[in-house]
Amino acid sequence: MTDKLLRALAFDGQVKVYVIDAKNTVEEARKRHDTWRTATAALGRTLIGTALLAANLKGNDQITADITGEGPLGRILATSDAKMNLRGFVNNPQVALDSNEEGKIDVKGAVGLPGFLKVSKQIENYEPYTGQVPLISGELAEDFTYYMAVSEQTPSSIGLSVLVDKGDIVAQAGGFMIQVMPGATEETISALEDKINNLGRVSDLLNSGLTVEQLLDRLVGEGNSKILDYLDVRFNCHCSKERFSDGIKLLGKDDIQAMIDEDHGAEVVCHYCNEAYQFSEEELLALVEEA
Ligand SMILES: [Zn+2]
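Residues numbered from 1 in each chain as written. Predicted model: local features only at pLDDT ≥ 70, side-chain atom pairs only at ≥ 80, totals over all residues. Heavy atoms only, no water.

> Could you give an account of the pairing of strand β8 (residues 156-164), naming the residues involved and the relevant values?
Most of β8 is tucked away, with eight of its nine residues classed as buried. Sheet analysis places β8 next to strand β9 (residues 170-180), joined by nine bridges and oriented antiparallel. Within β9, the position partnered with Ser157 by the bridge is Ile178. Joining the antiparallel neighbours β8 and β9 is a turn of five residues, in which Asp168 adopts a positive phi near 70 degrees. (Buried < 20%, exposed > 50% of the residue type's maximum accessible area, 1.4 Å probe, protein only. Helix = DSSP H or I, 4+ residues; strand = E, 2+ residues; numbered from the N terminus. Pairing = 2+ DSSP bridges.)

Right, dumping it as structure tokens:
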């Protein structure tokens, strides 16, 4: 099941707006990695933030967000290509902390400060680029916003939200990114700030059943935007048995022979999507021949 990311211009082209509904993507990540509620929210927010950053990619471009704090989750990593195929993982998926003092999922506690957010981009015809900022919040939306301001010099406002229901299933997931274009007037900026300050929680808005179009209206005002297009978004890993065969071959004949002698086969699990691939003794023998 695919999700939708909407791209729009607002305030007569002075502001770019991206709004995403990522419920199916985050739920697929939860199922694949068997994440518990706090890990579901943290990985989900990271996937949504990565999708928002990926919304400007083209061709074979790729982007990766890599978050590490001192909390129980360990590392959280999400990556997307220009076709919005998202995948990602969290080192310790079985983290479920008590709610914070506001009664919300304690993502900050699970991420744990100090830490950093590192963003790597592979843009066609350019050297790979990596930018890194310290985590300033741990709730992640502010951290992505801070990254955009510091590392990309793009003033943005980012909202990321994942609602996990009582059965630990993803009930809602989504977010937005607003970017002020160079040359935007003071009037526009202050009107936008008013809107964002009065927006309320994204999670509450999503929970009230708003569509991405309605969320867009809430962000910039009704009749104040022009929708450019929609991108399909999904959790989709490009791993395959063939790719892992190539990886096994690189280990060399001796190591593959040891897998045959000691384990009579091998199981390889993809970090990104948790898919397991089985290699029989016969298949490993064939790889020894090719190694
Ligand atoms: Zn995979």
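On we go.
> A description of the sheet that holds strand β2 (residues 15-21) should follow, citing residues and the corresponding values.
The strand order across the open sheet formed by 10 strands is β7-β6-β3-β4-β5-β10-β1-β2-β9-β8, and the pairing between neighbours is mixed. The two strands at the open ends of the sheet, each matched to only one other strand, are β7 (129-134) and β8. Within this sheet the neighbouring strands show an average axis-to-axis angle of 15 degrees, counted without direction. Both strand β1 (residues 3-10) and strand β10 (residues 225-235) contribute to a ladder of eight bridges, which runs antiparallel. Its bridge partner lying in β10, Ala8 is registered against Ile227. Relative to the sheet, helix α2 (residues 37-54) contacts β1, β2, β3 (62-68), β4 (75-81), β5 (85-90), β6 (116-122), β8 and β9, its axis offset from that of β8 by approximately 145 degrees. With respect to the sheet, helix α7 (residues 212-220) is in contact with β1, β2, β9 and β10, its orientation differing from that of β2 by roughly 145 degrees. (Axes fitted to C-alpha atoms, helices over the stretch in contact; angles between N-to-C directions. Contact = heavy atoms within 4.5 Å.)

> Describe the nonpolar core, with residues and values.
Most often, soluble globular proteins have nonpolar side chains that are buried together. Within the largest apolar cluster, 68 residues are counted, with the highest numbers of intra-cluster contacts made by Leu5, Ile48, Leu52, Leu73, Leu117, Phe279 and Leu284. A domain-level breakdown of this core finds at least three residues from each of domain 1 (4-235) and domain 2 (241-290). Setting aside residues no more than four positions away along its own chain, Ile48 makes contact with Ile20, Ala22, Val26, Leu160, Ser161, Val162, Ala173, Gly174 and Gly175. (Core = buried A, V, L, I, M, F, W, Y, C linked by side-chain atoms within 4.5 Å. Domains from an automatic or database assignment.)

> Residue-level account of the packing of helix α8 (residues 241-251) against helix α10 (residues 281-290), with values.
Helix-helix packing is described using two parameters, namely the angle between the two axes and the distance between the axes. The interhelical angle for the contact between α8 and α10, taken along N-to-C directions, is 55 degrees, at an axis separation of 9 Å. Considering their axes alone, α8 and α10 lie oblique with respect to each other. In the packing of α8 onto α10, the handedness of the crossing is right-handed. Contacts from Lys241, Ser245, Ile248 and Lys249 of α8 reach α10 at Glu283, Leu284, Leu287 and Glu290. Split into classes, the residues belonging to the contact of α8 with α10 amount to three nonpolar, one polar and four charged. (Parallel < 35°, antiparallel > 145°, perpendicular 65-115°, else oblique. Left-handed = near helix turned anticlockwise from the far one by under 90°. Nonpolar A, V, L, I, M, F, W, Y, C, P; charged D, E, K, R; others polar.)

> Describe the layout of surface pockets, with residues and values.
Considered as a void within the structure, the largest pocket measures approximately 1100 Å³ in volume. Lining the largest pocket are 40 residues, with Ala141, Gly159, Leu160, Arg201 and Val202 sitting closest to its centre. If you list the elements that add at least two residues to the lining of the largest pocket, you get α2, α4 (141-151), β8, β9, α5 (186-197) and α6 (202-207). A total of nine residues in the lining of the largest pocket trace back to one element, the largest contributor, which is β8. (1 Å grid on protein atoms, 1.4 Å probe; cavity = no way out; pocket = protein on both sides within 12 Å on 5 of 7 lines; lining within 4 Å. Points joined across faces, edges and corners; volume = space filled by probe spheres on them.)

> How would you explain the pairing of β2 if you had to name every residue and give the values?
Along β2, five of the seven residues are buried, which leaves the element largely enclosed by surrounding structure. Across seven bridges, the pairing between β1 and β2 is antiparallel. Along β2, the bridge assignment pairs Leu5 with Ile20. Once β1 ends, the chain turns through four residues before running back antiparallel as β2, passing Phe11 with a positive phi of about 50 degrees. Here seven bridges tie β2 to β9, and the two strands are oriented antiparallel to one another. Directly across from Val19, in β9, lies its bridge partner Phe176.

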